[in-house]
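Listed below, chain by chain, are the residues.
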Amino acid sequence: MRHERIAAKPAGTGLGQPVTGADLLAAQLAAAGATHAFGIPGGEVLALVDALGRAGIRFELARHENAAGFMAEGLWHATGALPVLVATLGPGVANAVNVVANAQQDRVPLIFVTGCVDQALAESYTHQVFDHQAVLRPLVKASFRAAPGTEDLVVAKAVAIARRGRPGPVHIDLPISVAEARTAWRTAPAITLAAPLVPADLRPAQALIAAAKRPLVIAGLDLVDQDGAVALDRFLAATGAPLLTTYKAKGLVPEADPRVIGAVGLSPKADAIVRPLIEAADLIVLAGYDPIEMRQGWRSPWPAGKPVIDIVAEPLQHGMHESSLMLEGAVGMILTRLADELPQKATWPRGEPAAIREAFHAAFAAPGEWGPHTVFETLREVAPAGTVATADSGAHRILFSQIWRCDGPRTLLQSSGLCTMGCALPLATGAALGSGRPTLCFVGDAGLEMVLGELATLRDLQLPVIVVVLVDQALGLIALKQRQLGLPRAGVDIGETDFAAVARAMGGYGVIIDDRETLAHEAEAAFRRKGFTLLACRIEAGSYDGAF
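Computed from a predicted structure; not experimentally measured.

The rules behind the values
Residues numbered from 1 in each chain as written. Predicted model: local features only at pLDDT ≥ 70, side-chain atom pairs only at ≥ 80, totals over all residues. Heavy atoms only, no water. Pairing = 2+ DSSP bridges. Helix = DSSP H or I, 4+ residues; strand = E, 2+ residues; numbered from the N terminus. Axes fitted to C-alpha atoms, helices over the stretch in contact; angles between N-to-C directions. Salt bridge = Lys/Arg side-chain N within 4 Å of Asp/Glu carboxyl O. Buried < 20%, exposed > 50% of the residue type's maximum accessible area, 1.4 Å probe, protein only. Phe/Tyr/Trp six-rings, centres within 6.5 Å; stacked < 30°, edge-to-face > 60°. Contact = heavy atoms within 4.5 Å. Parallel < 35°, antiparallel > 145°, perpendicular 65-115°, else oblique. Nonpolar A, V, L, I, M, F, W, Y, C, P; charged D, E, K, R; others polar.

A. Spotlight on the sheet that holds strand β20 (residues 533-538). Taken in spatial order, the six strands of this open sheet run β16-β15-β17-β18-β20-β19, and their pairing is parallel. Where the open sheet ends on each side, the last strands, each with one partner, are β16 (412-414) and β19 (509-513). Within this sheet the neighbouring strands show an average axis-to-axis angle of 20 degrees, counted without direction. Here three bridges tie strand β15 (residues 389-391) to β16, and the two strands are oriented parallel to one another. Paired with alanine 389 across the strands is leucine 412, a residue of β16.

Pasting the structure below:
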């Protein structure tokens, strides 16, 4: 995996010397690659928080458990460190349900450790008590309840399950008595992950590829999770295929590369532009394509009978599309084996991909006047190469994901499976904590108001996050859908918060912006600033009409 290390014993312990159950659990998390844990402590997890520190895992305080989970994800994207979320019983667990669901749908190997009362006490004590496992089981790959003698074992099992196939969240309920009980130090069980698989017989796929004169590759999240950028580049070179990506797969091949058409999945305008390319292709290769990112327009997106090779980390009976041939396993390794057997050849003799690429970029160019297009283009010009950006859910995310060009994988982070609001700021916090570099966060005004408290987290961690808030005093995407459906406007208007003043009150720098020149000047200064910056860009509520 991307990040593993050997467990260290808690300070002052030796083989046979007493430690706590929480020490064993924490040491195994460290062995699995955890460097930080995020959450809000409660009485039921104090022994665990203490043990995490002794194991060399920093506990970082967030202002809400939901945000804490996204911070853990952001750190994972930046460093590969095992993402760990800690919550106390009852309301702490309930607050985290959204981010656990997000980890399930966005394929994040989140380890969620919750404190709980002992089973005997739960039979007669009801304050804040509910069945954590019953609530979380529909959302996680597995749920465990630690018992004496299993503290490290459940972590080893949880990590293996979280990382196997398509990554996802795993829950561990840790009773107070198990966490606090004294026990002997023991060597943690080894974490054994199955070796990546490649199907034994690739000849059917090789024959389809060799015969194709107009191949098309659509890359997705499985390939990102398996660090398959190099393999994808080799496959494109060998086949001469152009590339479409989902939003999560942006940057697997730098988007300035002429082979990259663009990202699809949420924008009807983008989908319409690439439709002729999909129809003209005589072979579609799905390289780790996970349709959980896609909207309804991507149900049955190609005619029945079109040759389609579906290369996946794990089969999923989604019903979104059909394929002629499915290859399960290590997506990057499969692409590499296929490319090794192919001579490079000329494809698409009429040059259709280049024309589609040009039309694609022209469709999302800034119209000239001030608005969200200009905000995104200006920040792209100012941001140094390799800058990580995060995008919240809403109208701005769809347009931003079409305009923003990524120069590497995991440089645009967002919730694209669950599409949950309030994710961008904590994702940027975790990413900046991991990289130590200025990180951009794009969010709408309503989304930022959901997580304003996390500006204090930025202040306390002294992180160089640049928060770009699009201020249109509305839930822009929902208002747009109301207009499209001919419905009266309702429940989408909000007042104008002075976000610049809020940023200053919470220890950062804040400014209101209404034009390109001011934005460029303030953005350049923000990239030099040590603490956080908030750029409140005021735009018209109708700016997104027809934009995507």
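Back to the write-up after that little detour.
B. Molecular detail of the pattern of salt bridges. The final tally for this structure, using the stated rule, is 23 salt bridges. Its salt-bridge partner being arginine 145, residue aspartate 173 comes within 3.7 Å of it at the nearest N-O pair. With a gap of 28 residues between them, aspartate 173 in strand β7 (residues 170-175) and arginine 145 in strand β6 (residues 142-145) connect regions that are remote in the sequence. In this structure aspartate 173 comes out as buried when scored by relative accessible area, which is 3%. Given the relative accessible area of 29%, arginine 145 is considered partly exposed. Close ionic contact of arginine 459 with aspartate 460 constitutes a salt bridge, the shortest N to O distance being 2.9 Å. Under the relative-accessibility criterion, arginine 459 is labelled partly exposed at 35%.

C. Representation of the packing of aromatic side chains within the structure. Considering all chains together, one arrives at six aromatic pairs under this definition. Residues phenylalanine 376 and phenylalanine 400 carry aromatic rings whose centres are separated by 5.0 Å and whose planes lie at 75 degrees to one another, so their mutual orientation is edge-to-face. On the criterion of sequence distance, the pair formed by phenylalanine 376 in helix α16 (residues 372-382) and phenylalanine 400 in helix α17 (residues 395-403) is long-range, its members being 24 residues apart. A relative accessible area of 0% means that phenylalanine 400 is categorised as buried. Consider the rings of phenylalanine 400 and phenylalanine 442, whose centres lie 4.3 Å apart with planes at 35 degrees: the pair is tilted. Of this pair, phenylalanine 400 sits in helix α17 while phenylalanine 442 sits in strand β17 (residues 439-444), placing them 42 residues apart in sequence.

D. Region of interest: the sheet that holds strand β11 (residues 260-263). One open sheet holds the six strands; their spatial order is β11-β10-β9-β12-β13-β14, and the pairing between them is parallel. Of all strands in the sheet, those with a lone pairing partner are β11 and β14 (325-328), marking the two edges. For this sheet the average axis-to-axis angle between neighbouring strands, irrespective of direction, equals 15 degrees. Bridge count for strand β10 (residues 243-245) against β11 is three bridges, and the pairing is parallel. Paired with leucine 244 across the two strands is glycine 262, which belongs to β11. Seen against the sheet, helix α14 (residues 331-340) touches β12 (283-287), β13 (308-312) and β14 and runs at an angle of roughly 135 degrees to β13.

E. Region of the structure containing the packing of helix α13 (residues 268-280) against helix α15 (residues 352-363). Where α13 contacts α15, the two axes come as close as 10 Å, and the packing angle between them is 170 degrees. Regarding the angle of α13 to α15, the classification is roughly antiparallel. In this structure, α13 uses Lys269, Ala270, Ile273, Val274 and Leu277 to contact α15, whose residues at the interface are Glu352, Pro353, Ile356, Ala359, Phe360 and Ala363. Here the contact of α13 with α15 is built from residues that sort into nine nonpolar, no polar and two charged.

F. Up close: unusual backbone geometry. Within the chain, aspartate 227 stands out as a residue other than glycine whose phi angle is a positive 50 degrees. Mapped onto the elements of the fold, aspartate 227 is located in the loop between α11 (221-225) and α12 (229-239). In this structure, glutamine 473 takes a positive phi of about 55 degrees despite not being glycine. With respect to the helices, strands and loops of the structure, glutamine 473 is situated in the loop between β18 (465-471) and α21 (476-484).

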